[in-house]
Amino acid sequence: MLFIIADDLADRLGCYGDPVAVTPHLDALAQKGVVFRNTYCQYHTCGPSRASMMSGKYPFETGYTHNKGGTYGQYLADYTSLPRLFRENGYVTARVGKIFHMSIPGGIGGPGTDDPSGWDVAVNNTGWDAVEENWEKATTCGEKGGSGVRIRYSAPEIDDKEMADGQGLAAAVELLGKHHPHKTGQPFFLAYGIYRPHPPMIVPKKHWDAIDPATIDIPAVPENDRDDIPQVNWHLHDPGYNFIPEEHGRNYAHAYYAAIHFVDALAGQLIAALENQGLADNTIIVFTGDQGFMLGEHGHWHKSSMLEESQRVPLIIVDPRAKEKGKQVSGLVGLIDVYPTLCELAGIQPKHALSGISLKRQLDDASIPTKACEFSMGTPNGYTIRTERFRYTEWRKDRAGPAQHAMLYDLEKDPDEFNNLIDNPEYAAMRRELREKLGSVLLDRD
Ligand SMILES: [Ca+2]
Ligand SMILES: [Ca+2]
């Protein structure tokens, strides 16, 4: 089992139809398996999103909605983490880099909010981009925000190997050789967590040079677009993240795509190592991210909003035994589905009730429907339901309380979410239906 996750990676990849991304290795991976075209995270920040994926429970079920320190077991003791379950079922498990939450860049080189009971081997890789004086030299836009949040980018002339993620790749490749199942007689679960494209967006210059700036378009924002978006949606409302100067915007988008090119190269090398070691035919590969990222949509330049670009993530699953190759599943899925899917693919019984669905059937037939809706949460007390056509979001004072602010978008007619229909009488019945559906899920899971 090879699990690769890139931090803050939206579904802005070539195989998702993105016009700027240069992702030959991930596109090739997509050809070997199934791309889940409409995948949603369950929280728009790192910690809760990852805790949800690794526990198989929604954040509103576990109450884990923060990025604080402490281990997984301190907060989620009732839910056996995915790597721990595999370990208990005879797998040798190894973590390289960020699988559970850790702050970037300050937490690079440490274990973050790891589940130590989940791993036989844990590698806390670090490198050039984790050295404070190196990220302090990067270009910065805006005055406020911690080092991992503020808009900061650079393209130093250094080798991939010097980067923390490059060090992680070397460790991951070494682990593949050392724990080769043919040698040890035990199945191997390797999780490689890539720190980019999380800010600070420091990426070796060769990846910056791989992106054609002429392909980058800053999204158009209609005048007064934000008038119908509740202010609470902007978790980061400082001007340093909103309507930044065009020059910085172009550079930041360029840095983001350069980081994706770097991620693609790293994933490609690890997959090549897997193939070289003769493991490709019996290894399940999962490639994903933990939440999306806005590159100027609605004027925003970060994650942490309840709008589509913040919520969407890539999910590519390759099972060499499965029938579909190079297909795309258009139905709604969530990161919540990763846990049950990997359990079923590996024939492992989970120890607690899981809230997602297994996507094994879709790997054999991409036309099989997935879910009618998906749910996510966001800071502070934001709850959202996405159906094939609509997104309804509300913010409550507390979980049981009434909605204080809300949004409703018809994504079929308005894919850019420019018109909040919450007060539109034509949509009153739909608003009621979605509100009830969302409310019933929150009540049911008490
Ligand atoms: Ca993240
Ligand atoms: Ca608007």
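Residues numbered from 1 in each chain as written. Chains lettered and ligands numbered in written order. Predicted model: local features only at pLDDT ≥ 70, side-chain atom pairs only at ≥ 80, totals over all residues. Heavy atoms only, no water.

## Here we look at the coordination of the calcium ion (ligand 1)
Surrounding the calcium ion (ligand 1) are the protein donor atoms Asp-7 (OD), Asp-8 (OD), Cys-46 (SG), Asp-290 (OD), Asp-290 (OD), Gln-291 (OE1) and Gln-291 (NE2), which sit 2.2 to 3.1 Å from the metal. The motif formed by the donor residues of the calcium ion (ligand 1), counted along the single chain, is D-D-x37-C-x243-D-Q. Side by side, Asp-7 and Asp-8 carry an identical accessibility label, which is buried. (Donors = N, O, S within 2.8 Å, 3.2 Å for Na, K, Ca; no water. Buried < 20%, exposed > 50% of the residue type's maximum accessible area, 1.4 Å probe, protein only.)

## A short note on the coordination of the calcium ion (ligand 2)
In this structure, Asp-225 (O), Asp-225 (OD), Asp-228 (OD), Asp-228 (OD) and Phe-418 (O) serve as the protein donors to the calcium ion (ligand 2), at separations of 2.3 to 3.2 Å. Judged by relative accessible area, Phe-418 falls into the partly exposed class, the value being 23%.

## A look at the nonpolar core
Grouped together as the largest cluster of nonpolar side chains are 104 residues, with contacts concentrated most on Phe-3, Leu-190 and Phe-287. Among the elements that take part in this core, helix α10 (residues 246-276) stands out by supplying 16 residues, more than any other. Apart from the residues within four sequence positions on either side, Phe-287 is in contact with Ile-4, Leu-9, Leu-13, Leu-26, Leu-29, Val-263, Ala-267, Pro-314, Leu-315 and Ile-316. Counting residues in each nonpolar core, the second largest holds 20 residues, with Ile-336, Ile-422, Tyr-427 and Leu-442 among its members. (Core = buried A, V, L, I, M, F, W, Y, C linked by side-chain atoms within 4.5 Å. Helix = DSSP H or I, 4+ residues; strand = E, 2+ residues; numbered from the N terminus. Contact = heavy atoms within 4.5 Å.)

## Points about the sheet that holds strand β14 (residues 382-387)
Here we have four strands laid out as an open sheet, ordered β13-β14-β15-β16, and antiparallel in their pairing. Looking at the sheet topology across the chains shown, the edges are occupied by β13 (373-378) and β16 (403-410). The average angle at which neighbouring strand axes cross in this sheet is 15 degrees, direction not considered. Both β14 and strand β15 (residues 390-396) contribute to a ladder of five bridges, which runs antiparallel. If you follow Arg-386 over to β15, its bridge partner there is Arg-391. (Pairing = 2+ DSSP bridges. Axes fitted to C-alpha atoms, helices over the stretch in contact; angles between N-to-C directions.)

## Here we look at the domain arrangement of the chain
Domain annotation for the chain reports domain 1 (2-363) and domain 2 (381-444). Placing a centre on the C-alpha atoms of domain 1 and another on those of domain 2 gives a separation of 27 Å. Taken together, the 18 residues of domain 1 in the interface contact 22 residues of domain 2. Both faces combined, the contact of domain 1 with domain 2 buries some 1,600 Å², and carbon together with sulfur accounts for 62% of it. Contact with domain 2 buries area across many residues of domain 1, yet Phe-60, Met-306 and Glu-308 alone supply 37% of it, more than any other trio. Connecting domain 1 to domain 2 are two salt bridges. Summed over the shared surface of domain 1 and domain 2, the result is seven residue pairs in polar contact (both at pLDDT 80 or more). Take the side of domain 1 that touches domain 2: its biggest share by element is three residues, from helix α11 (residues 308-311). Residues belonging to the side of domain 1 that touches domain 2 are distributed by class as follows: ten nonpolar, three polar and five charged. (Domains from an automatic or database assignment. Buried area = accessible area lost by both parts, 1.4 Å probe. Salt bridge = Lys/Arg side-chain N within 4 Å of Asp/Glu carboxyl O. Polar contact = N/O pair within 3.5 Å; in protein donor to acceptor, adjacent residues only side chain to side chain. Nonpolar A, V, L, I, M, F, W, Y, C, P; charged D, E, K, R; others polar.)

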